[in-house]
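# Fold and geometry: a report
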Number of protein chains: 2
Amino acid sequence: MAYAGKVDQRLHELLPPSDLAPEKLHEAMRYSCLAPGKRLRPALCLACAEAVGGPAESALDAGCAIEMVHSFSLIHDDLPAIDDDELRRGSPSCHVRFGEATAILAGDALFALAFQTLSNAPACADTVLASLRLLTAAVGTQGLVGGEAIDISSEGSAVDEATLERIHAWKTGSLIAASCTLGALFGGGDAAAQSRFAQYGRQVGLAFQIADDILDEVGTSAQLGKAAGSDRMRGKATYPALHGIDRSRAAAREHAQSGVLSLLESERTTFLVQLADFAVERLS
Amino acid sequence: MAYAGKVDQRLHELLPPSDLAPEKLHEAMRYSCLAPGKRLRPALCLACAEAVGGPAESALDAGCAIEMVHSFSLIHDDLPAIDDDELRRGSPSCHVRFGEATAILAGDALFALAFQTLSNAPACADTVLASLRLLTAAVGTQGLVGGEAIDISSEGSAVDEATLERIHAWKTGSLIAASCTLGALFGGGDAAAQSRFAQYGRQVGLAFQIADDILDEVGTSAQLGKAAGSDRMRGKATYPALHGIDRSRAAAREHAQSGVLSLLESERTTFLVQLADFAVERLS
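A brief report on the enclosed structure follows.

Parameters and conventions
- Residues numbered from 1 in each chain as written.
- Chains lettered and ligands numbered in written order.
- Predicted model: local features only at pLDDT ≥ 70, side-chain atom pairs only at ≥ 80, totals over all residues.
- Helix = DSSP H or I, 4+ residues; strand = E, 2+ residues; numbered from the N terminus.
- Expected span 1.5 Å × (residues − 1).
- Contact = placed C-beta atoms within 7 Å.
- Core = buried A, V, L, I, M, F, W, Y, C linked by C-beta atoms within 7 Å.
- Buried ≥ 20, exposed ≤ 12 C-beta atoms within 10 Å, placed from the backbone.
- Least-squares fit on C-alpha atoms with pLDDT ≥ 70 in both.
- Axes fitted to C-alpha atoms, helices over the stretch in contact; angles between N-to-C directions.
- Parallel < 35°, antiparallel > 145°, perpendicular 65-115°, else oblique.
- Nonpolar A, V, L, I, M, F, W, Y, C, P; charged D, E, K, R; others polar.

Here helix 1 (residues 2–14) of chain A contains 13 residues, and its C-alpha end-to-end distance of 19 Å stays within 8% of the 18 Å for a straight helix at 1.5 Å per residue. Buried residues along helix 1 of chain A sit in contact with helix 2 (23–33), helix 3 (40–51) and helix 4 (60–78) of chain A.

Below you can see the structure in the form of structure tokens.
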């Protein structure tokens, strides 16, 4: 994927080198943030910039900032006190590899670097500031971090559909939606365009989340790059647990389709349509 | 202190209410961030805005953002995997009161809210963006988080003076210096003024850090609001451990004085001079 290559190259430049003090902290940040991955969020960011007519490069630093936020959240979620996951993307989690203290601080440092990167993004002050307002709202207590909080507090207890939707919308949907909105913003799209791309991101994000929940049930650890069945073992609230596998598959398809239909026809680039398909293709 | 009152009132408004979901997360954020404290950093921020001729209110949201960052760093530093402190400001630490998972997330959420608050500060886009660049640099791997990383990696081993100075400058100095710089910036001070106030902040920050290290050696737990002698027990790098108590006292005094001398005479407001005195007064 061409987008992912650009993102990896830029991440490599933005992350401090691991021979600069504090070396271990920088090494842990690079280990987690540069680990092989789909780069789904930054790829979406770049693709949405292009879909509104801008160059992909206009959204490159924003996409990297979002990948750093994503990486920070994975490191903290994997900690023993939260999800206690020892594998991430097929390798030892950050705390397994570097110790818990360094993992906590590497997450914090990636979070700080994300906002620093975005605040230095090459665009006019109004655009950069608007992007910071969007991203900070997306990661706060009514976004990424709040969704994780509800997720862990609901473990082992019966969760109704409204709560499950809130967990998904906040924990996964908000950052994916922000990836698309920021792409449209840096690409030069107006408020209406940003809103359409946010809707695309929310819907496709939901499709990915439901599909991930299904794969956690039916996939193998090798396919997932982490322990399979871990959601069920922890009594996590998931879509398949509430609705069964078949209804979940159908719901993922509907969300993916609805995401594409949120866009104007001219905005439905091959990449954005294929990505929505990819979210659910993995299930067949 | 009039500044602290304004800050507490504004923090009370900015922090999400604890009856809003996710309730426990919001409660933990308020518990830690509104705990009684000196509000040293935001008070400095407001005082520096006034010292350059602006209203204190111009720097109020910036000061609150800085207090949120400070509060985030205390929560994470107190975690079992890092400093393992059970007391903070005389009360149970966040993780003792709310559990480790919520404490990690409350720290993350305060960090996000800090940048959100700053990005919404009432000033022109260029000023707000400049403040975000300053604050994100001050908390990154060559600032607050990096200083903590070096601090824990040097526990139990002999630390030379250069390393100790770097720990102090990054872990404590950078956020206190940023408090002063942001105050001067929002108060309308030019680049030269911002630089003078940064220097004041670095020097007074060092005075406070050395004094805190001395108090950890000679104070009681009741005076400190946390376990006394905890630095020594953990083999932490401190100024008194390297130079003894007497030389440390003298160094604290010199830094406080040098901070005041960094400012123009017209900028040496009663508050800023008294605060520099206060840093070392506690030692007599």
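Additional details are given in the paragraphs that follow.
Below, the discussion takes up the nonpolar core. Membership of the largest hydrophobic core comes to 188 residues, with the highest contact counts inside it found for Ala106 and Ala207 of chain A together with Ala106 and Ala207 of chain B. Those residues in contact with alanine 106 of chain A that lie beyond four places of it in its chain are Leu25, Ala28, Met29, Ser32, Ile75, Cys94 and Phe98 of chain A.

Two chain copies here: they are related by a rotation about an axis and a translation along the same axis. When chain B is fitted to chain A, the residual RMSD is 0.0 Å, and the transformation amounts to a turn of 180° plus an axial shift of 0.0 Å. The operation mapping one copy onto its partner corresponds to a two-fold rotation axis. Among all residues of chain B, the minimum C-alpha distance to the rotation axis is found for alanine 125 of chain B, at 2.9 Å. Both copies share a contact surface, since 98% of the interface residues of chain B are interface residues in chain A too.

All names here are of chain B. Remark: helix 6 (residues 100–119) packs on helix 7 (residues 125–139), axes separated minimally by 9 Å, with the N-to-C direction vectors making an angle of 155°. In this view, helix 6 runs roughly antiparallel relative to helix 7, as classed from their interaxial angle. Where helix 6 abuts helix 7, its residues Phe115, Leu118 and Ser119 lie against Val128, Ser131, Leu132 and Leu135.

What follows is about the interface of chain B and chain A. Contacts between chain B and chain A engage 42 residues on the former and 41 residues on the latter. Mapped onto the side of chain B that touches chain A, the elements with two or more residues apiece are helix 2 (23–33), helix 6, helix 7 and helix 8 (144–153) of chain B. Looking at the side of chain B that touches chain A, the element that brings in the most residues is helix 6 of chain B, giving 13 residues. When its residues are assigned to classes, the side of chain B that touches chain A shows 25 nonpolar, 11 polar and 6 charged.

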